[in-house]
Amino acid sequence: TTQIWGDGNVTNGMAPGYTTDTFNKGDLITLTTVQCMGDKVVVGEDANGDNVLCTKNTNYDPASSSNDISASYFGGDRVQTSYVVAVTYYAYPEYHNAGQKFVSQLKKAFNSDDDLANLFRSRGSLMAGAMEVFPDKLWGTEHEAPVGVTDVSIPAADYKTPFEYCAFYITAGDVATSFSVVNAAGSAVTANGTALTAQILNQGETYVLKEVERGYVVKSDLPLQVSLITGDKASQWELRWFALPPTAAWGTSYLSPVAETFAETRFWIYNPGTTQLSVAYATSDPGTSGTVLVNAGMVEQLWMSDITLPTGAACDYQFGYTGVYFSAASAFLVIVQVGTVTNPSGAAEQRYDWGAPLLPVNSLSTLVVVPMAKGCAAVGGATSAPGDCDNGGLTVTGNDGNSVNGDSAYAGTSSTDASCVYADNSTNSRSPIWVSPVEGSCFVKVTPPNNPGSQSNTIAAYGCDAWDAATTTCTVSNAYASVRFTAGVAPWDISGAVIQAYKCDPVGSTCDETTGTPVKIAVMWGQDPAWSGSSDFSALDLGTFVAPLVNPWLTKTVTQVTRSNGDVDPDKQIREVGDVVYYEIVLANIGISPIAVTTSGTALIVDPRIPALAGPTTNDASGTVNLASLRSGEKWTWTGTYPVQAADLLVDDTCLKNVVTVQLDVGGEQKTATSCARVNWYDPTETPTTATPTETPTTATPTETPTTATPTE
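Because the structure is a prediction, the values reported are computed rather than measured.

1. Remarks on the overall build of the chain
- Summing up its helical and strand segments, the chain has three helices and 51 strands in all.
- Summarising the internal contacts of the chain: among those between residues at least 6 apart in sequence, 73% fall at separations of at least 24.
- Here the chain displays about 29700 Å² of accessible surface, and carbon together with sulfur accounts for 51% of that area.

What follows is the structure in C-alpha cells.
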C-alpha cells in the first residue's frame, strides 16, 4: 500500500502521530514496528485486566493491542520525498507494561517493587543497533568488506572477536537487480552450495550472506545498499552495525568526532590497494599525531591508548575526548568501534558497544540534520523516573576528586572551571551528538527541534571553548576538536536538531551562521561510555554516523504521462510508442550561504533524453535567475518532455529511466549531481484507472527519491 504524506490531502494518507497533513522544517516522523521476541510474551492487559499476548516473531501493534501487522513498517519499504530529509534506522528491546494480574504474580517472587523493577532494568537496551540510511542515489555497484570473521583484536583478550559474526545485508532499489560476490582473490563466493553469481533481487528485497571475510566484494549491475552486521558470538550483547559506503565513494581523508578512552575507542583502517599504505592521524591537540602502516589488503587497528593526549590541559582530555583526522595518498576506509576494553564499570565491549563507518572529508557538509538523538538522564537509582537511566551503581571520581553516583565524565567538576563549560551532566542525556569541525577558530550552532512536549528544546554543550546558551552557539578554537550536545531537560530527545558550522573572516570579526564562511563538520550520535552505567534500563546502546547533506540538492520527477491520444494516464504509466513523459528538474541550495556557481566551460545541466530543457525559473522573490549564484533556499527549475521511442522498449521491460546531471564548481571544488527519474510500463495484470482527458500537465507527487550532489574523487 502506498501513502502520500504532507500534501494536505488526508484521503491518501497522513503520517503517524500527526493531526494535519503538512510538514514544517525540523518535523520528525517515527515509523515504529514492535516485534515479539519470545513465545506468548505479555505485552499489556485488556479491559478485564487479563494478559494480552503476542507470539514470537510476529509484529505487535501497541495502539490496537493486537497482532495486526497491516499498519506495520518493514525492511524493504520505500520512502520517496520531494525535498531533502534525514533518515536513521534503529532497533532496541523495550519492556511493555504487563497486565496487573501478571505483575501481581511476579511481585510474590520478589521482596520489593525495586527488586521487580531491577528485573526489567537488567535487560536494558544492550542488544541494540542503529544504522545509517543513505539516499539511494548514494548507493553503488561495488561494496567491499573492510573486516571479516577472522579479524581479531590486538592485543588479544576476552573481547578479541568483535567480528566473529559478520554478515552482508544486500538490498536492491530496482527491480531485477543482478549481483555477485567475490572474495579477495576474485573468485566467486559460495553460500549453501551455490556460487553467488548473477543472483537476482527485486526492489526492496534483501539477501543475507553470513561468514563474510575481509575483502569480499559485492558487485551489481544496478545500485545496491550493503550493510555489514557484526557481533561477538556468545558474548551475550556485543554487536555493531555499519552501512557500507560504495568503494567508488571511499576517500583519502576522514574525520571521526568520536574518540574516548573510558571504554577505549578503536579505529579499524582498511587498505584495499595492492601496496602498503601510510595513514597519518592527527587530533585536536596540534602536538599529537602519528602514522599507521597498513599492508595491501589488510586492516590495522588504532587504539586510543596508542595516542598520548595532554594531561591536565582540559577536562575533555581526562577521558580522551578528541576528534581524529586520518589521511593517506590513496583511498582507504575507516570504521569506528566504540566500547572495547574493561573499565571501572565492567565489560565495555558489551555495555557500550556500537560502531559506525566514517565518510570521506570531501563528502562532508557544513550542515546536517540529526534524525535520531534520543537519550536518557544519568540520574541513577533503581527507581528512576520513566525515560531515565539506571546507572547500575557506577561511581567514578571526577576531576575535583569528588565521587558522584551515575555521573562519570564530568562528575563533581566545578561549574566555574573554564575548561569544562558544563561541568555536571547528571541531568543531561547520555547519548550526545558528537561534532568535529574540519577547521579551527569556528563556531558550531545547534538549532533545537521544533516539537516541544515530545522533544526537548533545551541544549546542553560539552567541550566548547565558550558556549552561548541564548544563541545555542559553541566556540571551537582547534580543528578536529570533539564537542558534544545533549538534551538539557526531559524528555532527553533532540532528534531533528540541525547542526551547522561557520567561521568569521577575518578571524575575530563578528558574523553569524548567515554571514560567516561555512565549515565542514563530521557528526555522529551515540552513547558515551563515560556517562553510562552497567544496567541502564533506557540508555541506548547504539549510535550512527550522521549522513551529510551535501549541497546542492538535485531532484528529477515525472509530473505527468500523456497517452498518444492526448489523455493523461492517472497512474503515470507508459503504454506504447508516442506516449509523452513530462519531467521537472529542481536544483536547490539547502545550505545557509549562497553557492557561487561556475561551470568551467561545461554545460551546467545535461539531460541526454531532453537536450532542449525549458528554464531555469526560480522560486526567489526577485523572480530573476542569476546563473552565477544560487541563493540560500533558492530552487532553479527546468521542465521538459520526452516522447517514448521504439528503442526504449528494448532497453528495460519494466520502466523507462531518465538520468540528468548537473556539473558545477562550488567554492573551487568540482561537483557532479545526478538524479534519475523512473516511469513504469503499464502492467496489464493491474486494474487500470480511467484516464482523464486534458492538455495541461499538472504537478504530481515525485516518483523518484532526490539525491544530493557528491564531489568527484
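2. A short note on the state of the cysteines
- This structure, assessed with the given rule, holds two disulfides.
- Across the disulfide from cysteine 464 sits cysteine 474; the S-S distance is 2.2 Å. Handedness here is read from the sign of the S-S torsion; for cysteine 464 and cysteine 474, about -120 degrees, the answer is left-handed. With a gap of ten residues between them, cysteine 464 in the loop between strand E30 (459-462) and strand E31 (466-468) and cysteine 474 in strand E32 (residues 473-476) connect regions that are remote in the sequence.
- Residue class for cysteine 464 comes out buried when judged on its relative accessible area of 4%.
- Here cysteine 504 pairs with cysteine 511 through a disulfide, and the sulfurs are 1.9 Å apart. The sign of the -90 degrees torsion about the S-S bond sets the cysteine 504-cysteine 511 disulfide as left-handed.

3. Notes on the side chain of threonine 473
- If you trace the backbone, threonine 473 turns up in strand E32.
- What makes threonine 473 buried here is its relative accessible area of 9%.
- Only 3.1 Å separates the side chain of threonine 473 from the backbone oxygen of threonine 471, close enough to count as a polar contact.
- Excluding residues that lie within four positions of it along the chain, threonine 473 makes contacts with Phe443, Val444, Lys445, Ala466, Trp467, Asp468 and Tyr502.

4. So, the environment of valine 182
- Turning to its location among the elements, valine 182 is positioned in strand E9 (residues 177-182).
- By relative accessible area, which is 16% here, valine 182 ends up buried.
- In sequence terms valine 182 and alanine 195 are 13 residues apart; their C-alpha atoms lie 9.3 Å from each other.
- Once you skip the residues sitting within four places of it in the chain, valine 182 turns out to touch Ser187, Ala188, Val189, Gly215, Tyr216, Val217 and Lys219.

5. Side note on the packing of aromatic side chains
- A complete count under the given rule lists eleven aromatic pairs for this structure.
- For the ring pair tyrosine 18 and phenylalanine 23, a centre distance of 5.3 Å and an interplane angle of 90 degrees mean the geometry is edge-to-face.
- Classification of phenylalanine 23 as partly exposed rests on a relative accessible area of 34%.
- Residues tyrosine 325 and tyrosine 480 carry aromatic rings whose centres are separated by 4.8 Å and whose planes lie at 5 degrees to one another, so their mutual orientation is stacked. Note that tyrosine 325 is positioned in strand E21 (residues 324-338) and tyrosine 480 in the loop between E32 and strand E33 (483-487), a separation of 155 residues in sequence.

6. Here's the deal with unusual backbone geometry
- Of the consecutive residues aspartate 505 and proline 506, the connecting peptide bond is found in the cis state with omega at 5 degrees.
- Here the bond from glycine 615 into proline 616 is cis, since omega is 10 degrees, no more than 30 degrees from zero.
- Counting through the fold element by element, proline 616 comes out in strand E44 (residues 614-618).
- The backbone of glutamate 264 shows a phi angle near 60 degrees, a positive value even though the residue is not glycine.

7. Comments concerning the confidence of the model for the chain
- Chain-level pLDDT for the chain is 77 on average; 69% of the residues reach the 70-or-more range.
- Under a pLDDT of 50 for its full length, residues 96-103 has, in the predicted model, 21 contacts with residues more than four places off or in other chains.

8. Here's the deal with the sheet that holds E30
- Here five strands make up an open sheet; going across it, the order is E30-E33-E28-E36-E37 and the pairing antiparallel. This sheet does not close on itself; its edge strands, each paired only once, are E30 and strand E37 (543-545). Direction aside, neighbouring strands of the sheet carry axes that sit 20 degrees apart on average.
- As paired elements, strand E28 (residues 433-437) and E33 share three bridges and run antiparallel to each other.

9. Observations regarding the pattern of salt bridges
- The full count for this structure, using the stated rule, is eleven salt bridges.
- For arginine 214, the salt bridge goes to aspartate 151, with nearest N and O atoms at 2.9 Å. Here aspartate 151 lies in the loop between strand E7 (140-144) and strand E8 (165-172) and arginine 214 lies in the loop between strand E13 (206-209) and strand E14 (217-231), a separation of 63 residues in the sequence. We note that arginine 214, like aspartate 151, is buried.
- Across the pair aspartate 493 and lysine 374 runs a salt bridge whose closest N-O atoms are separated by 3.5 Å. With aspartate 493 in the loop between E33 and strand E34 (497-503) and lysine 374 in the loop between strand E25 (367-370) and strand E26 (395-397), this pair connects stretches of sequence that are 119 residues apart.
- Its relative accessible area of 6% is what places aspartate 493 among the buried residues.
- A single salt-bridge network, built from bridges that share partners, covers Arg563, Asp569 and Arg575.

10. Focus on the nonpolar core
- With 79 residues, the main nonpolar core has Phe168 and Phe326 as its most contacted residues.
- Residue contributions to this core peak at ten residues, all from E21.
- Contact partners of phenylalanine 326, with chain neighbours within four places excluded, come to Thr252, Ser253, Tyr254, Phe267, Ile269, Val279, Ala280, Tyr281, Leu302, Phe332, Val334 and Leu358.
- With 32 residues, the next largest nonpolar core counts Ala461, Trp467, Trp525 and Leu542 among its residues.

Rules of the game
Residues numbered from 1 in each chain as written. Predicted model: local features only at pLDDT ≥ 70, side-chain atom pairs only at ≥ 80, totals over all residues. Heavy atoms only, no water. Helix = DSSP H or I, 4+ residues; strand = E, 2+ residues; numbered from the N terminus. Contact = heavy atoms within 4.5 Å. Areas by Shrake-Rupley, 256 points an atom, 1.4 Å probe, with all protein chains shown as cover. Disulfide = S-S within 2.5 Å. Buried < 20%, exposed > 50% of the residue type's maximum accessible area, 1.4 Å probe, protein only. Polar contact = N/O pair within 3.5 Å; in protein donor to acceptor, adjacent residues only side chain to side chain. Phe/Tyr/Trp six-rings, centres within 6.5 Å; stacked < 30°, edge-to-face > 60°. pLDDT = per-residue confidence, 0-100. Pairing = 2+ DSSP bridges. Axes fitted to C-alpha atoms, helices over the stretch in contact; angles between N-to-C directions. Salt bridge = Lys/Arg side-chain N within 4 Å of Asp/Glu carboxyl O. Core = buried A, V, L, I, M, F, W, Y, C linked by side-chain atoms within 4.5 Å.

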